[in-house]
Amino acid sequence: MAAILARKLGMTQRFLDDGRVQRVTVLEAGPCPVTAIRTFERDGYEAVQLAFDACKEKALTRAELGHLKKADASAHRVLREFRDEAGELLVGETVTVEAFAAGDKVKISGASKGKGFQGTIRRHNFKRGPKSHGSHNVRAPGSIGASATPSRVFKGVRGAGQMGGGRVTQKGLTVVDVIAKQNLLLVRGAVPGGTGGIVEVRSNG
């Protein structure tokens, strides 16, 4: 098993030897110093904590700086824990993009693009009403509950509200290439979030 933190840089395309075009997402993955190891005996679960996105010390609190200095790590903006991914890693080591290889299957988690407050047509693919014959139900959601019985709206009824901006995990993605010198990971498939977003890459084994 392998895991690393990365930043989504965008998409590009590669031309294969047979002339086909391969569309890939470019991720800047690592290097990620190991800042903590969680054990079942001490913490009740097993996990490894990785740091990413180096920054100036003034951008962090003293508590955050103290935690990183215990692991001999410089200032990093992002800390994430990966369950059941510790393996043989030790505090102070560094995880690089070389933990992955071309052809590996991975799953990537991140925050999806926020769409703001949206109606039911865009959020849940509802159909609109007729636009003719004096209809006042062009984009309205329609009835969502009876007035006499049960005199309320059941939980879970699909309606308007916040769309996007939540955690999404995309499984079954394939690593196309690993460029270790530039800490780049090329992945075939859709990766959650917008350009510049932080994502978690795990092996899908």
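Up top is the structure.
What comes next concerns the included structure. (Residues numbered from 1 in each chain as written. Predicted model: local features only at pLDDT ≥ 70, side-chain atom pairs only at ≥ 80, totals over all residues. Heavy atoms only, no water.)

Right, let's get into the overall build of the protein. Looking only at helices and strands, one finds three helices and 12 strands in the protein. Compactness check: the protein gives a C-alpha radius of gyration of 23 Å against a globular reference of 17 Å for 205 residues, more than 25% above the reference. Here the C-alpha coordinates of the protein stretch approximately 70 × 55 × 35 Å along the principal axes. Here the protein, with 205 residues, has 33% of them falling under the buried criterion. In the protein, the 33 positive side-chain charges and the 19 negative ones have mean positions that sit 17 Å from each other. (Helix = DSSP H or I, 4+ residues; strand = E, 2+ residues; numbered from the N terminus. Rg over C-alpha atoms; globule rule 2.2 N^0.38 Å. Buried < 20%, exposed > 50% of the residue type's maximum accessible area, 1.4 Å probe, protein only. Lys, Arg positive; Asp, Glu negative; His and termini not counted. Charge placed at Lys NZ, Arg CZ, Asp CG, Glu CD.)

Turning next to the packing of aromatic side chains. Enumeration according to the criterion identifies zero aromatic pairs in this entry. Lying across the ring of Tyr45, Arg83 places its NZ or CZ 4.0 Å from the centre. (Phe/Tyr/Trp six-rings, centres within 6.5 Å; stacked < 30°, edge-to-face > 60°. Lys NZ or Arg CZ within 6 Å of the ring centre and 35° of its normal.)

Turning to the sheet that holds strand β5 (residues 76-83), a few remarks are in order. In spatial order, the strands read β5-β4-β3-β6; together these four strands make up an open sheet with antiparallel pairing. Two strands in the sheet have a free side with no partner beyond their single neighbour: β5 and β6 (94-95). One ladder, built from seven bridges, connects strand β4 (residues 47-54) with β5; its direction is antiparallel. Within β5, the position partnered with Gln49 by the bridge is Glu81. (Pairing = 2+ DSSP bridges.)

In total, this model carries 10 salt bridges according to the counting rule given. The salt bridge involving Glu200 is made with Arg167; its shortest N-O contact spans 3.1 Å. Linking Glu200 in strand β12 (residues 198-203) with Arg167 in strand β10 (residues 167-179), this pair joins segments that are 33 residues apart in sequence. Accessibility expressed as a relative area gives 53% for Arg167, which makes it exposed. (Salt bridge = Lys/Arg side-chain N within 4 Å of Asp/Glu carboxyl O.)

A separate point is unusual backbone geometry. Look at the link from Thr149 to Pro150: it is a cis peptide, with omega at 10°. Of note, the phi angle at Asn125 is positive, near 60°, even though the residue is not glycine. By the secondary structure assignment, Asn125 is in the loop between α3 (120-124) and β9 (161-164). The backbone phi angle of Ser151 is positive, close to 60°, even though this residue is not glycine. Tracing the sequence through the fold places Ser151 in the loop between α3 and β9. Residue Ser151 is classed as partly exposed on the basis of its relative accessible area, which comes to 48%.

With respect to the helices and strands, Glu98 occurs in the loop between β6 and β7 (105-111). Taking the C-alpha atoms as reference, Glu98 lies 22 Å from Ala190; in sequence the two are 92 residues apart.

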